[in-house]
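Examining the three-dimensional arrangement
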Amino acid sequence: MTADRIKEIALKHFASNGYEGASLADIAKDVGIKKQSIYTHFKGKDELFLALLDDVLARELAFVLDYLESHKDLAVDQLLYGFLIQYQDCYEKDDNTKFFLRVAFFPPTHLYEVIVKKGYHYLDTLDTMLIPLFEQAIANGTISKEVSSSAATVAFLAVLDGMFVELLFGGVERSMKRIEASWFVYWRGIKK
């Protein structure tokens, strides 16, 4: 129970302050325990951080899977555009997504290799989830046969990355402008 509470509070600290700005002392204080008590559950800040990262990535992938499943009856353009908007909303309201993006773009140097490996696993899994959507859209004539499902997926992930960058550096309003412009060009480029 205490380990879960530590992770819950640590998520807020890491999402808001990053790895360097989050302190075990502050986390312990907010949990209502002494800093030393954290070591009963985690060997140190790195272990706590990496445990959170695994949880966060699992929840991010669960979000994607849930979104795709619950919106599978939409036209592919509505589903994908809605996915961008939904992810933007998650960033605004969810510490999980804030942590995910902060770690992806500002990983602690000494954990870089581990984080990149986990990040590529996330992207590869996302790829696996999205390619069938594009294959179906190509098969039913919604997307041009000149565009491979792989290329459409990679390009869509580039649109998603652009939105993520703008969320981190420019905020929601600027992010929305980026979504609208990139989506317009992206969809015109792949539709039949």
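Structure: see above.
All values reported here derive from a predicted model rather than from experimental measurement. (Residues numbered from 1 in each chain as written. Predicted model: local features only at pLDDT ≥ 70, side-chain atom pairs only at ≥ 80, totals over all residues. Heavy atoms only, no water.)

1. Quick look at the environment of Val 172
Tracing the backbone shows Val 172 in helix α9 (residues 172-190). The exposure class assigned to Val 172 is partly exposed, which follows from its relative accessible area of 30%. Counting along the chain gives 80 residues from Val 172 to Glu 92, while the straight-line C-alpha distance between them is 7.7 Å. Beyond its immediate chain neighbours, meaning those up to four positions away, Val 172 contacts Gln 88, Glu 92 and Leu 167. (Helix = DSSP H or I, 4+ residues; strand = E, 2+ residues; numbered from the N terminus. Buried < 20%, exposed > 50% of the residue type's maximum accessible area, 1.4 Å probe, protein only. Contact = heavy atoms within 4.5 Å.)

2. Considering the pattern of salt bridges
Tallying each qualifying case throughout the model produces eight salt bridges. Note that Asp 95 is salt-bridged to Lys 12, the shortest N-O span being 3.5 Å. Remark: Lys 12 occurs in helix α1 (residues 2-21) and Asp 95 occurs in helix α6 (residues 95-105); sequence separation between them is 83 residues. Among the residues examined, Asp 95 registers a relative accessible area of 19% and is labelled buried. Note that Lys 93 is salt-bridged to Asp 89, the shortest N-O span being 3.1 Å. Of this pair, Lys 93 and Asp 89 both sit in helix α5 (residues 76-93), four residues apart, roughly one helical turn. (Salt bridge = Lys/Arg side-chain N within 4 Å of Asp/Glu carboxyl O.)

3. Quick notes on the packing of helix α4 (residues 45-70) against α5
Running from amino to carboxyl end, α4 crosses α5 at an angle of 145°, the nearest separation of the two axes being 11 Å. Crossing handedness for the pair α4 and α5: right-handed. Seen from α4, the contacting residues are Glu 60, Phe 63, Val 64, Tyr 67 and Leu 68; seen from α5, they are Gln 78, Leu 79, Gly 82, Phe 83, Gln 86, Tyr 87 and Cys 90. Class assignment of the residues belonging to the contact of α4 with α5 gives a composition of eight nonpolar, three polar and one charged. (Axes fitted to C-alpha atoms, helices over the stretch in contact; angles between N-to-C directions. Left-handed = near helix turned anticlockwise from the far one by under 90°. Nonpolar A, V, L, I, M, F, W, Y, C, P; charged D, E, K, R; others polar.)

4. Regarding the environment of Leu 133
You can see Leu 133 is positioned in helix α7 (residues 112-139). You can call Leu 133 partly exposed: its relative accessible area is 23%. Each C-alpha atom, one on Leu 133 and one on Leu 79, is 9.7 Å from the other, the two residues being 54 residues apart in sequence. When sequence neighbours within four positions are dropped, the list of residues in contact with Leu 133 reads Leu 68, Val 76, Leu 79 and Leu 80.

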